[in-house]
Amino acid sequence: MERIQRAAKIITSGGTVAFPTETVYGIGANAFDNDACAKIFKAKGRPADNPLIVHVASLAQLGDVASDVPDAIMKALKVVWPGPITLILKKADRMPDTVTASLETVAVRMPAHPVALRLIEASGVPIAAPSANASTRPSPSKASHVIQDLDGKVDMILDGGETAFGLESTIIDATSEKCRLLRPGAFTLEELERYFGKIDVPKSINVTLKESDIAIAPGMKYRHYAPKKMLVAAERDAITQAAEGLKGATVMCSDQVADAIGKHADTIRLGDEANLYEIAKNLFDALRNLDKTKSFAGVIQTFPERGIGFAIMNRVLKASGSKPATSAEELLDRLSR
Ligand code: AMP
Ligand code: MG
């Protein structure tokens, strides 16, 4: 794996490397190197008060990044890692302020991707890596998305093909007795509770910022996943009933809804609506492709907020920035504004 050796050299000499994980692509740097991590913020245009997730390749390495990890959490991590779950823990003293945005806590995860794990092992240091998109843009699920946003701004891009989940990790805060959900993600809440006990879900987690005005995690106050075009979320039946009026818009929807729309409007298919993992995987690519169309606006279908659907809806709501339309009339009215 000569490619990974080269990438590791870049990491240890203070550079940045974009690499695949099972969730989305990350842009990484040596987590102990303040200046190297500062390059990530610059490349992404990321606000300095939005901390990074540190990626480790072993539980031993977790000890270099976090401190006072409770036994019960350690026990759960032994089962769920490597995997798409990020924990907020008390930071180790040596963590640089750039990574943690000067908080007393640090976000850590062990990715379940061979390239990511080998890169961390070959570098010999934990790698701080947020998603490898330009700030506010949809996260990259393909190397081509990274090139779109960060070409010339990152020292190397490791291409590992399309990522398995296409949606970011679930983040839980484990710094108090009861764990708290900060961001729904690829690891479903239902499954997580089997290992971490009852998880507190803030009421405002799946509402748009305009509605809540309170950011539950430092990064959540910023605009996220947004395409450049106007985007309206709408319920399944609102879309099918409005189909004839959707000419000129691009509808991102399940195969079933796309079949119902037929030739009335352009569609981007997200997959079979019975397979929400497939919908999740295609979501960010669809949002990026919307901007390449000549349409005046995008419409995105809503999905049931269960299992992975909870994370899908979190991204749909943040990308569209307002409550989904519940009727054909409301959808057409919103599009005409
Ligand atoms: P990204 O890797 O681009 O998905 O962004 C990392 C996410 O982790 C952002 O939403 C951050 O706000 C969140 N995060 C990182 N560190 C912390 C922390 N110490 N406390 C709470 N959230 C964090
Ligand atoms: Mg991100």
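As the structure is a prediction and not an experimental result, all values here were calculated from the model. (Residues numbered from 1 in each chain as written. Chains lettered and ligands numbered in written order. Predicted model: local features only at pLDDT ≥ 70, side-chain atom pairs only at ≥ 80, totals over all residues. Heavy atoms only, no water.)

**Student:** So what exactly am I meant to see when it comes to the overall build of the protein chain here?
**Tutor:** Looking only at helices and strands, one finds 14 helices and 13 strands in the protein chain. Relative to a compact globule of 337 residues, whose C-alpha radius of gyration would be 20 Å, the protein chain shows 20 Å and is just as compact. For the protein chain, the spread of C-alpha atoms along the three principal axes comes to 60 × 45 × 30 Å. Burial analysis of the protein chain (337 residues in total) assigns 58% to the buried set. Of the accessible surface of the protein chain, which amounts to about 14000 Å², a share of 49% is contributed by carbon and sulfur atoms. Looking at the protein chain, you have 42 positive and 41 negative side-chain charges, and the mean spots of the two groups are 3 Å apart. (Helix = DSSP H or I, 4+ residues; strand = E, 2+ residues; numbered from the N terminus. Rg over C-alpha atoms; globule rule 2.2 N^0.38 Å. Buried < 20%, exposed > 50% of the residue type's maximum accessible area, 1.4 Å probe, protein only. Areas by Shrake-Rupley, 256 points an atom, 1.4 Å probe, with all protein chains shown as cover. Lys, Arg positive; Asp, Glu negative; His and termini not counted. Charge placed at Lys NZ, Arg CZ, Asp CG, Glu CD.)

**Student:** What is the right way to read the packing of aromatic side chains from this model?
**Tutor:** Two descriptors summarise a pair of aromatic rings, namely the distance from one centre to the other and the angle between the planes of the rings. Scanning the entire structure with this criterion turns up two aromatic pairs. Ring geometry for Phe165 versus Tyr277: centroids 6.3 Å apart, planes at 50 degrees, classification tilted. Here Phe165, found in the loop between strand 7 (156-157) and strand 8 (170-173), pairs with Tyr277, found in helix 12 (residues 276-290); they are 112 residues apart in sequence, far enough to count as distant. The partly exposed category is assigned to Phe165, whose relative accessible area is 23%. An angle of 15 degrees between the planes, with centres 5.3 Å apart, marks the rings of Tyr225 and Phe284 as stacked. Residue Tyr225 is located in the loop between helix 9 (209-212) and strand 10 (230-234), and its partner Phe284 is located in helix 12; the two are separated by 59 residues in the primary sequence. The positively charged end of Arg94 is found above the aromatic ring belonging to Phe32, 3.6 Å away from the centroid. (Phe/Tyr/Trp six-rings, centres within 6.5 Å; stacked < 30°, edge-to-face > 60°. Lys NZ or Arg CZ within 6 Å of the ring centre and 35° of its normal.)

**Student:** Teacher, can you tell me more about the sheet that holds strand 7 here?
**Tutor:** Strands pair in a sheet through their backbones, by hydrogen bonds, and they do so in one of two ways: parallel or antiparallel. The mixed open sheet is built from nine strands, whose spatial order is 7-1-2-6-3-5-4-8-9. Edge positions in the sheet fall to strand 7 and strand 9 (180-183), since each has one partner strand and no second. Relative to strand 5 (residues 105-109), strand 3 (residues 53-55) runs parallel, the two sharing three bridges. Across the sheet, the residue bridging to Ile53 is Ala107, located in strand 5. Those strands touched by helix 2 (residues 34-44) are strand 2 (26-30) and strand 6 (127-128), and its axis lies near 155 degrees from that of strand 2. (Pairing = 2+ DSSP bridges. Contact = heavy atoms within 4.5 Å. Axes fitted to C-alpha atoms, helices over the stretch in contact; angles between N-to-C directions.)

**Student:** Explanation requested: helix 8 (residues 189-196) in the structure shown.
**Tutor:** Residues three or four positions apart in an α-helix share a direction because the helix packs 3.6 residues into each turn. Among the residues making up helix 8, those that are buried are Leu189, Leu192 and Phe196. Each buried residue of helix 8 lies within a common arc of 55 degrees when the element is viewed along its axis, so the set occupies one face. Next to the buried residues of helix 8 lie helix 4 (71-80), strand 4 (85-90), strand 8 and strand 9. Backbone geometry just downstream of helix 8 places Gly197 in the positive-phi region, at approximately 75 degrees. (Arc of directions from axis to C-beta.)

**Student:** What's the story with the pairing of strand 12 (residues 266-271) in this structure? I'm lost.
**Tutor:** Two faces, one strand: in a regular strand the side chains alternate between the faces of the sheet. Two elements, strand 11 (residues 249-254) and strand 12, share five bridges in a ladder whose sense is parallel. In the strand pairing of strand 12, Met252 is matched with Ile268. Crossover handedness for the path strand 11 to helix 11 (residues 255-261) to strand 12: right-handed. (Right-handed = clockwise from strand over helix to strand, strands pointing away.)

**Student:** I would appreciate a short explanation of the pattern of salt bridges in the present structure.
**Tutor:** A side chain of one charge can pair with a side chain of the opposite charge when the charged atoms of the two come close. Per the counting criterion, the structure on display carries 13 salt bridges. Note that Arg334 is salt-bridged to Glu330, the shortest N-O span being 3.2 Å. One end of the pair is Arg334 and the other is Glu330, both in helix 14 (residues 328-335) and four residues apart, which spans about a single turn. Given a relative accessible area of 11%, Arg334 falls into the buried group. (Salt bridge = Lys/Arg side-chain N within 4 Å of Asp/Glu carboxyl O.)

**Student:** Quick question: what am I supposed to make of the site of ligand 1 here?
**Tutor:** Lining the immediate environment of ligand 1, one finds 19 residues, of which Asn50, Thr105, Ser131, Arg183 and Gly219 sit closest. Within the contact set of ligand 1, an oxygen atom lies 3.1 Å away from a side-chain nitrogen or oxygen of Arg46. In the model, an oxygen atom of ligand 1 is placed 2.5 Å from a nitrogen or oxygen of the Arg183 side chain. Coverage of ligand 1 by the protein chains reaches 94% of its 500 Å² of free accessible surface. Elements supplying a minimum of two residues to the shell around ligand 1: strand 5 and strand 9. Across the shell around ligand 1, the residue classes break down as 13 nonpolar, four polar and two charged. (Near = heavy atom within 4 Å. Polar contact = N/O pair within 3.5 Å; in protein donor to acceptor, adjacent residues only side chain to side chain. Nonpolar A, V, L, I, M, F, W, Y, C, P; charged D, E, K, R; others polar.)

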